[in-house]
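# Chains, contacts and geometry: an overview
Listed below are the residues making up each chain.
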Amino acid sequence: MKKDIHPDYHEITVLMTDGTEYKTRSTWGEPGDTLKLDIDPTSHPAWTGEHRLVDSGGQVAKFNKRFEGMGLKS
């Protein structure tokens, strides 16, 4: 293998949305950092079957205001 071309893997902590956490190896962040997830398999609609809007920066509110007169329910 070539030297000095591979990423540095180190141990980090991943914090799930329900508060559980686990340790894994990653190239993200610094050794010992905590990665906090906004969406994970316990809260993602693809696995839970329930639809939830995640309003990032007011985009859903902006959309609803723009199209409120077209018969869309908010």
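Up top is the structure.
Presented here is an overview of the structure given in this document. In this text the structure is predicted, and so the values were computed from the model without any measurement.

### A few points about the environment of Y22
- Mapped onto the elements of the fold, Y22 is located in strand β2 (residues 21–26).
- The exposure class assigned to Y22 is partly exposed, which follows from its relative accessible area of 43%.
- On a C-alpha basis, the gap between Y22 and I12 in space is 8.5 Å, while along the polypeptide they are 10 residues apart.
- Once residues lying within four places of it in the same chain are set aside, the contact partners of Y22 are I12, T13, V14 and M16.

### Notes on the side chain of S26
- Mapped onto the elements of the fold, S26 is located in strand β2.
- Residue class for S26 comes out buried when judged on its relative accessible area of 16%.
- In this structure the side chain of S26 is engaged in a polar contact, spanning 2.9 Å, whose partner is the backbone nitrogen of W28.
- When residues no more than four places from it in sequence are discounted, the contact partners of S26 are D8, Y9, H10 and I12.

### Some details on the packing of aromatic side chains
- One pass over the full model with this rule turns up 1 aromatic pair.
- Between F63 and F67 the ring centres are 4.8 Å apart and the planes differ by 50 degrees, which places this aromatic pair in the tilted class.

### Remarks on the sheet that holds β2
- The strand order across the open sheet built from 3 strands is β2-β1-β3, with neighbouring strands paired in mixed fashion. The open sheet terminates on both sides in strands that have one partner only, identified here as β2 and β3 (34–36). In this sheet, neighbouring strand axes are inclined to one another by 35 degrees on average, regardless of whether the strands run parallel or antiparallel.
- Note: strand β1 (residues 10–15) against β2, 6 bridges, orientation antiparallel. Each residue of the ladder has a partner; that of I12, found in β2, is T24.

How each quantity is defined
- Residues numbered from 1 in each chain as written.
- Predicted model: local features only at pLDDT ≥ 70, side-chain atom pairs only at ≥ 80, totals over all residues.
- Heavy atoms only, no water.
- Helix = DSSP H or I, 4+ residues; strand = E, 2+ residues; numbered from the N terminus.
- Buried < 20%, exposed > 50% of the residue type's maximum accessible area, 1.4 Å probe, protein only.
- Contact = heavy atoms within 4.5 Å.
- Polar contact = N/O pair within 3.5 Å; in protein donor to acceptor, adjacent residues only side chain to side chain.
- Phe/Tyr/Trp six-rings, centres within 6.5 Å; stacked < 30°, edge-to-face > 60°.
- Pairing = 2+ DSSP bridges.
- Axes fitted to C-alpha atoms, helices over the stretch in contact; angles between N-to-C directions.

It is worth stressing that arrangement in space is one thing and function is another; only the former is reported here.
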